Amino acid sequence: MTKIVVIGTGKVGSMIAYEIAMMDLAKELVLIDKDQKLAEGHALDIRHCMRGCAVKAGSYSDTGDADIAILAAGKPRTPDIKTRLELARTNAQVIREIASKLRENGFSGIVITLTNPLDVMNHLLYTLLGLPAERVIGFSCHLDSSRFRCLLSERYAPETPSRVEAFVIGEHGDGQVPLFSRVAVDGKRKRFTDAEKKEIMALLRGCSMEVIGRKGATVFAPACCVADMLESIVKNRETVIPCSLVLDGEYGIHGVSIGVPAALGKGGAAVKEWDLAEDEALMLAESAGKLKDFISIMRSEGFP
């Protein structure tokens, strides 16, 4: 039996909970939120869908025997947030509170982090929970990869987006690394000029704000990507999906959570070390360096 807990039932958290029920990914689904009525309302609404999943609003006492916890709590990225550091200061407190409650209740499962800035918050959660790195997973680069494929499909396969294979690794932010060397359309490698790469990368970095500026938040795509990850974990498919993990030498990176390809199964995430083009490897190293610098700033302010 798979028990999944969703912590934070705002727009994204509630959509993830809905996806879990519709895809029959859990036998028991528990929604936790500071706003108990909101969690209760979402739980009741999902129950009315009449799927096989048992759904309820609960508390952190429900996390002790949970197989997976989804962290969708925290302040979202919005136009009024001026800097990533400002967002990190706010959400670090949220992560600390949640980690403390998970530890108190003996949670030892797999956790998937959505709280931004993603890589930094996933690193913080890993530090606070003391779980193995393969069980503390940030969803980040799966969403970036999905956006990358969408941009490419609009140009090269507009009628059938599924024909495009493409991945993004690195930081979930300006330090993302699109793997142009691995892009394939209809199973054939696609070559890009430097000008094409530059243009596509600029569009990719602006994808999220295109949505946020119009509707206030990204919801459907993040929820869909988390559902993909959950399906691979719950069904032990070991699908290779880029996600943020604290590395210990993989890709020459130590002690920072960053997006890399990983096979997701019941044991968590197993990093896959792909051969990268020289410029991609350099970009990934630079991305990791920037994240380390960011963490150093946070540590000077009390970050563990």
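Scroll up to find the structure this text is about.
Numbering of residues begins from 1 in every chain and follows the order in which that chain's sequence is written. This being a predicted model, a pLDDT of at least 70 is required before a residue's local features are given, and a value of 80 or more before pairs of side-chain atoms are given or counted; all residues contribute to the totals for chains, interfaces and linings. Side-chain descriptors were evaluated using all non-hydrogen atoms of the structure, hydrogens and water having been removed beforehand.

### A word on the packing of helix H1 (residues 11-22) against helix H8 (residues 220-234)
Heads up, the rule is: An axis is simply a line fitted to the C-alpha atoms; with a helix, the fit covers only the stretch in contact. Between two such axes, the angle follows the N-to-C directions and lies from 0 to 180 degrees. In this description a helix means any DSSP run of H or I spanning at least four residues, a strand means any run of E spanning at least two, and both kinds are numbered starting from the N terminus. Angles are sorted into four bins: roughly parallel if under 35 degrees, roughly antiparallel if over 145, roughly perpendicular if 65 to 115, and oblique for all others. Helix crossings get a hand from a simple test, with the near helix turned counterclockwise from the far one by less than a right angle marking a left-handed crossing and a clockwise turn marking a right-handed one. Note on definitions: a residue-residue contact is assigned when non-hydrogen atoms from the two residues lie within 4.5 Å. Gly is placed with the polar residues, together with every amino acid not listed as nonpolar (Ala, Val, Leu, Ile, Met, Phe, Trp, Tyr, Cys and Pro) or charged (Asp, Glu, Lys and Arg).
With their axes 9 Å apart at the nearest point, H1 and H8 run at an angle of 45 degrees to one another. Here H1 lies oblique to H8, going by the angle between them. The interaxial crossing formed by H1 with H8 has right-handed handedness. Listed contacts from H8 to Val-12, Met-15, Ile-16, Glu-19 and Ile-20 of H1 are Phe-220, Pro-222, Ala-223, Cys-224, Val-226, Ala-227 and Leu-230. Residues that form the contact of H1 with H8 fall into these classes: 11 nonpolar, no polar and one charged.

### Describing the packing of aromatic side chains
Inclusion rule: Aromatic contacts are taken between Phe, Tyr and Trp rings whose centres are within 6.5 Å, Trp giving its six-membered ring; a plane angle under 30 degrees counts as stacked, one over 60 as edge-to-face, and the others as tilted. We call a residue buried when its accessible area falls under 20% of the maximum for its residue type, exposed when it is over 50%, and partly exposed in between, using a 1.4 Å probe and counting protein chains only. Remark: a charge is flagged as sitting over a ring if the NZ atom of Lys or the CZ atom of Arg is within 6 Å of the ring centre and within 35 degrees of the ring normal.
Inspection of the entire model under this criterion finds four aromatic pairs. Aromatic pair Phe-148 and Phe-180: ring centres 5.3 Å apart, planes at 85 degrees, arrangement edge-to-face. Here the residue Phe-148 occupies a position in helix H5 (residues 140-156), and Phe-180 occupies one in the loop between strand E9 (176-178) and strand E10 (184-185), the gap between them amounting to 32 residues. Residue classification places Phe-148 among the buried positions, given a relative accessible area of 0%. Consider the rings of Phe-167 and Trp-274, whose centres lie 5.0 Å apart with planes at 70 degrees: the pair is edge-to-face. A residue pair is termed long-range when its members are at least 10 positions apart, and Phe-167 in the loop between strand E7 (164-165) and strand E8 (168-170) and Trp-274 in the loop between strand E14 (268-271) and helix H9 (278-299) qualify at 107 residues. Each of the two residues, Phe-167 as well as Trp-274, counts as buried. Just above the ring of Phe-294 sits the side chain of Arg-84; from NZ or CZ to the centre is 4.8 Å.

### Here's the deal with the sheet that holds E10
Where we set the bar: Pairs of strands are assigned from DSSP output, requiring at least two bridges between the strands.
One open sheet holds the three strands; their spatial order is E7-E10-E11, and the pairing between them is antiparallel. Lying at the two open borders of the sheet, with one neighbouring strand each, are E7 and strand E11 (188-189). Direction of pairing for E10 relative to E11: antiparallel, over a ladder of two bridges. Each bridged residue has a counterpart across the sheet, and for Ala-184 the counterpart in E11 is Arg-189.

### Let's talk about the packing of helix H4 (residues 118-129) against H9
Closest axis-to-axis distance for the H4/H9 pair is 10 Å, and the angle between their directions is 60 degrees. Overall, the two elements H4 and H9 adopt an arrangement that is oblique. In this structure, the crossing between H4 and H9 has a hand that is right-handed. Packed against H4, whose contacting residues are Asp-119, Val-120 and His-123, the element H9 presents Leu-291, Phe-294, Ile-295, Met-298 and Arg-299 at the interface. A class-by-class count of the residues in the contact of H4 with H9 yields five nonpolar, one polar and two charged.

### Concerning the pairing of strand E4 (residues 68-71)
A regular strand places its side chains on the two faces of the sheet in alternate fashion. Both faces of E4 are covered, namely the face carrying Ile-68 and Ile-70 and the face carrying Ala-69 and Leu-71. Sheet analysis places E4 next to strand E5 (residues 110-113), joined by four bridges and oriented parallel. Residue pairing across strands places Leu-71 opposite Thr-113, the latter belonging to E5.

### Details of unusual backbone geometry
Geometrically, the link from Asn-116 to Pro-117 is a cis peptide bond, its omega value of -5 degrees lying close to zero. Structurally, the position occupied by Pro-117 is in the loop between E5 and H4. Unusually for a residue other than glycine, Tyr-251 sits at a positive phi of about 55 degrees.

### Regarding H5
What sets the pattern is the α-helix's 3.6 residues per turn: residues three or four places apart point alike. Short version of the rule: Expected span of a helix: the number of residues minus one, times 1.5 Å.
In this model, H5 (17 residues) spans 25 Å end to end at C-alpha, consistent with the 24 Å of a helix rising 1.5 Å per residue. Those residues of H5 that sit buried are Ser-140, Cys-141, His-142, Leu-143, Asp-144, Ser-145, Arg-147, Phe-148, Leu-151, Leu-152 and Ser-153.

### Some points on the pairing of strand E13 (residues 254-265)
With 10 of 12 residues buried, E13 is to be regarded as a mostly interior element. Sheet analysis places strand E12 (residues 239-248) next to E13, joined by nine bridges and oriented antiparallel. Note on E13: the bridge partner recorded for Thr-239 is Leu-264. Note that E13 and E14 share four bridges and pair antiparallel. Opposite Ala-263, over in E14, you have Ala-270 as the bridge partner. As consecutive antiparallel partners, E13 and E14 are separated by two residues.

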